[in-house]
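Close look at the chain arrangement
Here's the letter readout for the chains.
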Amino acid sequence: MNVLTKYTAHRAIKALAIVSLSGWVTLGATAHAQVLSLPDDTLAGQRSSSTDSQQRQGQQGPAQGQIDDSPRADWRSGTYGPVPNSQPRNPDMLPPFGFNLFTGGFRGAIGDGLNADYRIKPGDQVTVRAWGAIELDRVLPVDAQGNIFIPGSGPINVEGQSSRQVDNSVRQAITSVYPENVEVYTNLQGVQPVAVYVTGYVENPGRYAGTPDDSLLYFLDQAGGIDQDLGSYRQVRVMRNGNQIATVDLYDFLINGTIPRPQFQDGDTIVVEERGPAIAVVGDVHRELRYELTSNTLSGAELVNLARLRSGVSHVLLRGSRPSGPIAQYYPLDSFAVQTIRSGDEVTFSADQRSETIVVEVEGSYYGPSRYALPRNARLSELLDAIAVPERMTAVESISIQRESVKEQQRQSMEDSLRRLETTYLSAPSSTNEEAQVRAQEAELIQNFVERARELEPSGRMVVAHDGNISDIRLQDGDVITIPEISDSLLVSGEVLVPQAAVYSPGMNVIDYIESAGGFTNRADDDHILLVRQNGAVENAKNSPLRPGDEILVMPAAPTHNLQLAATLTQILYQVAVATRVAVDL
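Residues numbered from 1 in each chain as written. Predicted model: local features only at pLDDT ≥ 70, side-chain atom pairs only at ≥ 80, totals over all residues. Heavy atoms only, no water.

**Points about the overall build of the chain**
- Secondary structure assignment for the chain yields 11 helices and 29 strands.
- Scored against the burial criterion, the 586 residues of the chain give a buried share of 41%.
- Counting contacts in the chain only where the partners sit at least 6 residues apart, residues at least 24 apart contribute 64% of the total.
- By element, 48% of the accessible surface of the chain is carried by carbon and sulfur atoms, the whole surface being about 32000 Å². (Helix = DSSP H or I, 4+ residues; strand = E, 2+ residues; numbered from the N terminus. Buried < 20%, exposed > 50% of the residue type's maximum accessible area, 1.4 Å probe, protein only. Contact = heavy atoms within 4.5 Å. Areas by Shrake-Rupley, 256 points an atom, 1.4 Å probe, with all protein chains shown as cover.)

Dropping the structure here:
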């Protein structure tokens, strides 16, 4: 059985399909609102009409009393500006790209200098073992001339050689004396420690110990890392005897994992330069950061490669200052690649494309999946026509929708009412001491009520079924459509002694059910009893017949003799009950 089998007499059954729009129109409220985008032939017709009108007016402005409806910007271009009152965000307010680089424990990594590219220098030690024609097991130091002395073979210069080259040199020296029946093994036993100066814009400049093959990051980390406000991540120099032997751009390491590996010597100096020009990158990125430039400009493509964008980014807002004044330009992501970003600019990435698909959820008594992907302009009837329900088990006349935007409106309305209650009553003066005492007691009562009311969550429920008809409203992303099951009971809650569910009996009225629940409490307002229908509607119980699935909600009375306050509290109690389906006790 289809959901709307019994309720489609008032409309034709529509198939679930995407409806194509024939054109685009503005959401403007005036008769002179501009069309956002029209086919070229339509635009041509408009331009022609506009030109003819100007010619008739003698190429002058609009006649007195007419409205100048000419657009102030070409909205189709996607580029806006200049915007003189728009100031970009200061890059200095954001952390730099790479700010967390020196939290990885580089200083805790102990280097041994024994990699294949290490070059031997004076002070190192080489283990030499030989057996067969000669027996040799010595640890030989590299002397000041860069030589090791092999007994029976003499001195061999090994300074500047790699460990593999040292092995070949030692082997050739021994086999030149003992050409047969000899085996040779060499190993770099240890390296001479070095002390390297770290200075410039680092947290703790100083002289730090390490090994010649330790990474530059190891020494920077010992110095506390780069000063995040003043130091450069892109200009780090390694100096030796007044000469620059390496320049390191840490962005290469942060992005690609590559970094120069100079072999340090005792007395080398690492200099961190002052931070260069920078830009601010914000919006739909994984981290809003400051990016340093190596020159005063950067292309959009280079920035996209640096920034880590979130999925779905489609547009870029570029704001900054130029010699002609402030600018604010909005580009599609593809067009942004060829744009030029300058020092001090703010670049905002955004996912600015409306999805053509919405996802709604269905709950209650029905067959099929719980979620449906629909076109953005789908209506409730289109969905319901595609859903089958158990026959004689589903209350299709009580369908309702929970919507996030409605929930937010209810929450804001409740908050406004509660704030007005606090403002108007709690700040009211008292003319006598007795009145002041009464107000103090009522103030505490109101404050407790406000705190409890603010903790309640609005339902966001919309009533779409009324008098046997279902409103054919347009669905929104995130809607939850409730198709309730036929109920044989109703619920009695609020200010009754024993809140309970009771079997529905056609011969019983509201008071009968309340008495079966123990009757009213001392705090009950027996003149204000609500009926909450299955479709979400809230009605006065005195004027509405009972139906299966209803909830009888007995409201509390406002415990005050102040008539104005009592009326205000009663109104807010009703508002809270309608929004949350909860009777808050004062």
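Following the structure, the description resumes.
**Section: the side chain of Gln-161**
- Its location among the elements puts Gln-161 in the loop between strand 4 (154-157) and helix 2 (163-177).
- On the accessibility criterion, Gln-161 (16% relative accessible area) is buried.
- One polar contact links the side chain of Gln-161 to the main-chain carbonyl oxygen of Asn-157, over a distance of 3.4 Å.
- Other than its neighbours up to four places away in sequence, Gln-161 contacts Tyr-118, Arg-119, Ile-120, Val-166 and Ser-169. (Polar contact = N/O pair within 3.5 Å; in protein donor to acceptor, adjacent residues only side chain to side chain.)

**A look at the nonpolar core**
- Core analysis: the largest hydrophobic core is formed by 44 residues, its most contacted members being Leu-216, Leu-220, Leu-250, Ile-270, Tyr-291, Leu-303 and Phe-349.
- Here this core gets five residues from one element, more than from any other, and that element is helix 3 (residues 216-222). (Core = buried A, V, L, I, M, F, W, Y, C linked by side-chain atoms within 4.5 Å.)

**Considerations on unusual backbone geometry**
- A positive phi angle is found at Asn-181, which is not glycine, with a value near 55°.
- Secondary-structure assignment places Asn-181 in the loop between helix 2 and strand 5 (182-190).
- Judged by its relative accessible area of 63%, Asn-181 is exposed.
- We note that Arg-392 has phi near 60°; this positive angle belongs to a residue other than glycine.
- By the element assignment, Arg-392 lies in the loop between helix 7 (380-384) and strand 20 (400-402).
- Its relative accessible area of 71% is what places Arg-392 among the exposed residues.

**A short note on the confidence of the model for the chain**
- Overall, the predicted model of the chain reaches an average pLDDT of 79, with 80% of residues at or above 70.
- Per-residue pLDDT, averaged within each element of the chain, yields its smallest value for helix 1 (residues 40-56) (40) and its largest for strand 10 (residues 269-274) (95).
- pLDDT under 50 marks residues 5-63. Its contacts with residues more than four places away, or in other chains, come to 53 contacts.
- Taken as a whole, residues 70-85 scores under 50 in pLDDT and shows 19 contacts with residues more than four places along the chain or in a different chain. (pLDDT = per-residue confidence, 0-100.)

**A few points about the pattern of salt bridges**
- Applying the stated criterion across every chain, the model contains 23 salt bridges.
- A salt bridge links Arg-171 to Asp-167; the nearest nitrogen and oxygen atoms lie 3.3 Å apart. A residue pair is termed a helical-turn pair when its members lie 3 or 4 positions apart in one helix, as Arg-171 and Asp-167 do in helix 2 at four residues.
- Taking the relative accessible area as the measure of exposure, Arg-171 reaches 30% and is therefore partly exposed.
- Each member of the salt-bridge network shares a partner with another, and the members are Glu-415, Asp-416, Arg-419 and Arg-454. (Salt bridge = Lys/Arg side-chain N within 4 Å of Asp/Glu carboxyl O.)

**Observations concerning the packing of aromatic side chains**
- Throughout the structure, instances matching the rule amount to five aromatic pairs.
- A centroid spacing of 5.3 Å and a plane angle of 80° characterise the contact between Tyr-218 and Phe-219, whose relative ring orientation is edge-to-face.
- Aromatic pair Phe-336 and Phe-349: ring centres 5.9 Å apart, planes at 85°, arrangement edge-to-face. Within this pair, whereas Phe-336 is found in helix 6 (residues 333-336), its partner Phe-349 is found in strand 17 (residues 346-350), the two being separated by 13 residues in sequence. (Phe/Tyr/Trp six-rings, centres within 6.5 Å; stacked < 30°, edge-to-face > 60°.)

**Quick notes on the sheet that holds strand 26 (residues 500-503)**
- With mixed pairing, five strands are arranged side by side in an open sheet as 26-25-29-27-28. The open sheet has two edge strands, strand 26 and strand 28 (538-540), and neither has a second partner. When strand polarity is set aside, the average angle formed by the axes of neighbouring strands in this sheet is 30°.
- When strand 25 (residues 489-494) meets strand 26, the two strands line up antiparallel, connected through four bridges. Paired with Leu-490 across the bridge in strand 26 is Ala-502. (Pairing = 2+ DSSP bridges. Axes fitted to C-alpha atoms, helices over the stretch in contact; angles between N-to-C directions.)

**Some words on the environment of Arg-547**
- Relative to the elements of secondary structure, Arg-547 occurs in the loop between strand 28 and strand 29 (551-556).
- When the C-alpha atoms of Arg-547 and Gln-534 are compared, they prove to be 9.2 Å apart, with 13 residues separating the residues in sequence.
- Ignoring sequence-local partners within four residues, the contact set of Arg-547 consists of Leu-490, Tyr-504 and Arg-533.

**Some thoughts on the sheet that holds strand 20**
- Within the open sheet, the five strands sit side by side as 19-18-24-20-21. Their pairing is mixed. At either margin of the open sheet sits one strand with a lone partner, and together these are strand 19 (371-375) and strand 21 (461-463). Sheet twist, expressed as the average angle between the axes of neighbouring strands with direction ignored, equals 30°.
- The sheet contact formed by strand 18 (residues 357-364) and strand 24 (residues 480-483) spans four bridges and is parallel. Note that in strand 24 the partner of Gly-364 across the bridge is Ile-483.

**Points about helix 2**
- Along its 15 residues, helix 2 runs 22 Å from first to last C-alpha, staying within 8% of the 21 Å computed at 1.5 Å per residue.
- Inspection of helix 2 places Val-166, Asp-167, Ser-169, Val-170, Ala-173 and Ile-174 among the buried residues, and these make up the whole buried set. Within helix 2, the buried residues cover an arc of 165° as seen down the axis, which keeps them to one side. Turned more than 90 degrees away from the buried face of helix 2 sit Arg-164, Gln-172 and Ser-176, all of them exposed. (Expected span 1.5 Å × (residues − 1). Arc of directions from axis to C-beta.)

**Observations concerning the environment of Ala-173**
- Along the chain, Ala-173 falls in helix 2.
- In this structure Ala-173 comes out as buried when scored by relative accessible area, which is 16%.
- Separated by 18 residues in sequence, Ala-173 and Pro-155 place their C-alpha atoms 9.2 Å apart.
- Ala-173 has contacts with Ile-150, Ser-153 and Ile-156, leaving out every residue within four places of it along the chain.

**Points about empty space enclosed by the protein**
- According to the stated counting rule, one finds one cavity of 30 Å³ or more in the structure shown.
- Of all elements in the fold, only strand 8 (231-240) and strand 12 (289-292) reach the threshold of two or more residues within the lining of the largest cavity.
- Of the residues contributing to the lining of the largest cavity, the split by class is four nonpolar, one polar and three charged. (1 Å grid on protein atoms, 1.4 Å probe; cavity = no way out; pocket = protein on both sides within 12 Å on 5 of 7 lines; lining within 4 Å. Points joined across faces, edges and corners; volume = space filled by probe spheres on them. Nonpolar A, V, L, I, M, F, W, Y, C, P; charged D, E, K, R; others polar.)

**Comments concerning the pairing of strand 25**
- In this structure, strand 25 lies alongside strand 29, joined through four bridges in parallel fashion. Paired with Leu-491 across the strands is Glu-551, a residue of strand 29.

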